[in-house]
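Single-letter residue listing:
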Amino acid sequence: MTRPRPTVRLRLTVLYGGLFLATGALLVWLVYLLAAHAPLPGAPPAPDAPSLGGGLPAPPAPPNVTEPQVIDVQRLLISSLLALAAMGAASLVLGWLVAGRVLRPLATMTATVRQISADDLHRRLAPTGPDDELTELAGTFDDLLDRLERAFAAQRRFVANASHELRTPLTLQRAMVEVALADPDAGAGSLRGTLERVLAAGERQEQIIEALLVLARSQQGLTHREEVDLAALARAAAEDASDDRIAAQLAPAHVVGNRELLERLVANLLTNAVLYNVPGGWVRLSTSSAAGRVELAVANSGPVVRPDQVSDLLEPFRRLGPARTGDRGVGLGLSIVAAITDAHNGTLALHPHPDGGLEVRVTLPSR
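Okay, so let's go over this structure.

Parameters and conventions
Residues numbered from 1 in each chain as written. Predicted model: local features only at pLDDT ≥ 70, side-chain atom pairs only at ≥ 80, totals over all residues. Heavy atoms only, no water. Helix = DSSP H or I, 4+ residues; strand = E, 2+ residues; numbered from the N terminus. Buried < 20%, exposed > 50% of the residue type's maximum accessible area, 1.4 Å probe, protein only. Contact = heavy atoms within 4.5 Å. Areas by Shrake-Rupley, 256 points an atom, 1.4 Å probe, with all protein chains shown as cover. Salt bridge = Lys/Arg side-chain N within 4 Å of Asp/Glu carboxyl O. Pairing = 2+ DSSP bridges. Phe/Tyr/Trp six-rings, centres within 6.5 Å; stacked < 30°, edge-to-face > 60°. Lys NZ or Arg CZ within 6 Å of the ring centre and 35° of its normal. Core = buried A, V, L, I, M, F, W, Y, C linked by side-chain atoms within 4.5 Å. Expected span 1.5 Å × (residues − 1). Polar contact = N/O pair within 3.5 Å; in protein donor to acceptor, adjacent residues only side chain to side chain.

Remarks on the overall build of the protein
What the protein contains, in helices and strands, is seven helices and seven strands. Listing each helix as α and each strand as β along the protein from the N terminus yields α-α-α-α-β-α-β-β-α-β-β-α-β-β. By the burial criterion, 31% of the 367 residues in the protein qualify as buried. Within the protein, counting contacts between residues at least 6 apart in sequence, those at least 24 apart form 70% of the total. Carbon and sulfur atoms form 60% of the exposed surface of the protein, whose accessible area is close to 23,700 Å².

Things to note about the pattern of salt bridges
Per the stated rule, a full pass over the model turns up seven salt bridges. Of the charged contacts, one joins Arg245 and Asp243 as a salt bridge, the two residues approaching to 3.0 Å between their closest N and O atoms. Through salt bridges that share partners, Glu295, Glu359 and Arg361 make up one connected network.

Some points on the pairing of strand S4 (residues 283-290)
Pairing analysis gives five bridges linking strand S2 (residues 246-250) to S4, with the strands arranged parallel. Along S4, the bridge assignment pairs Leu250 with Thr287.

Observations regarding the packing of aromatic side chains
Inspection of every chain in the model, using the stated rule, returns zero aromatic pairs. Arg284 extends its terminal NZ or CZ atom over the ring of Trp282, reaching a point 3.9 Å from the ring centre.

Describing the pairing of strand S5 (residues 293-300)
Within S5, six of the eight residues are buried, which leaves the element mostly enclosed by the surrounding structure. Relative to S5, S4 runs antiparallel, the two being bridged by eight bridges. The residue bridging Arg284 from the neighbouring strand is Ala299, located in S5. Counting the residues that bridge the hairpin from S4 to S5 gives two residues, and of these Ala291 lies at a positive phi of roughly 55°.

So, the nonpolar core
Judged by nonpolar contacts, the single largest core of 42 residues is most densely connected at Leu230, Leu262, Leu265, Val266, Leu269 and Leu296. Counting only elements with at least two residues in this core, the list comes to helix H4 (188-219), helix H5 (230-241), helix H6 (259-275), S4, S5, helix H7 (333-343) and strand S7 (358-365). For this core, the element with the highest residue contribution is H6, accounting for seven residues.

Structural notes on H6
End to end, H6 covers 24 Å across 17 residues, agreeing with the expected 24 Å (1.5 Å per residue, within 8%). All of the buried residues along H6 are Leu261, Leu262, Leu265, Val266, Asn268, Leu269, Leu270, Asn272 and Ala273. Of the residues flanking the start of H6, the one acting as N-cap is Asn258, its side-chain oxygen 3.1 Å from the backbone nitrogen of Glu260.

Limitation: the analysis is restricted to geometry and does not speak to function.
Right under this line is the structure:
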């Protein structure tokens with residue numbers, strides 16, 4: 001059986017009562033000391049006792065009944081202790097009431113938080129009290145709920161898009177196989193063509209799954225770091241692309257990070273710049289280093305991208321316009337770039353050109 005734990009209200013009540021009793025006991029002790037040892041106000045000083053013969057002091061004079069009466073210290077002490085006990089009980093009751101009053105907003109916040117679930121993240125604490133620590137705590141919690149709601153919405157959207165992207169090739173494969181099996185006169189050439197189309201759909205599924213795995217790995221953070229030259233990675237990616245439109249201006253840009261993820265980052269940016277371009281266009285690739293940070297920039301002369309569409313490009317499976325649809329990509333390139341950049345504590349900036357095309361700048365710390 002679990003032992004009930006003391007509540008904050010009970011602890012505050014005991015604290016209030018304990019402090020009151022401690023200070024009250026100190027006050028009673030001081031009063032007792034003053035009453036027992038301090039001279040009475042207005043009392044004449046005791047005269048020097050006359051000496052008798054032989055140097056012996058004379059006996060004290062009998063008390064004068066007309067002098068002020070001596071305070072009964074014992075009775076004062078007992079009365080003070082009784083008053084202290086009564087006030088201590090009163091302080092406990094008042095402390096319990098005051099603690100409940102102070103902690104009432106916390107009880108309201110607790111009840112609201114218990115009603116919040118993953119399917120009901122739109123509820124907020126909405127503090128309305130004075131601008132104190134509890135109001136600040138409620139506001140901070142509301143900000144956290146806002147971020148969680150956006151994260152859950154993005155996750156649901158990502159799962160729905162991933163399911164759609166994976167379901168489409170499967171549906172296509174199933175349809176092609178069913179058509180081939182339903183044709184009794186299908187020859188070897190027809191069946192071969194069907195198998196080639198099924199194989200192409202399977203390759204697209206592999207690309208999507210691989211991209212999803214890279215995205216998930218990027219979002220988990222870095223487990224291994226090493227010194228990497230972005231210029232060397234960019235040079236290798238440009239050579240693999242084998243595109244005469246790529247103009248590279250590469251200066252040494254050393255960073256400490258995950259080589260495989262950085263290779264994917266450079267490859268995705270360069271692949272996007274080549275795929276989403278216009279006939280006769282251009283692609284510029286550059287690296288630089290300054291003030292403890294390195295920068296990788298990739299720009300192209302692709303289709304026009306409106307400024308209000310830039311943020312959509314970072315969403316998984318999001319493509320813009322006819323130039324960003326079709327089977328040329330899986331729609332995860334820039335999402336992976338953003339995740340890898342974030343894992344390396346870098347920044348990602350997208351700048352559309354007024355006459356068409358996009359410039360992507362990735363800035364990473366060199367150490």
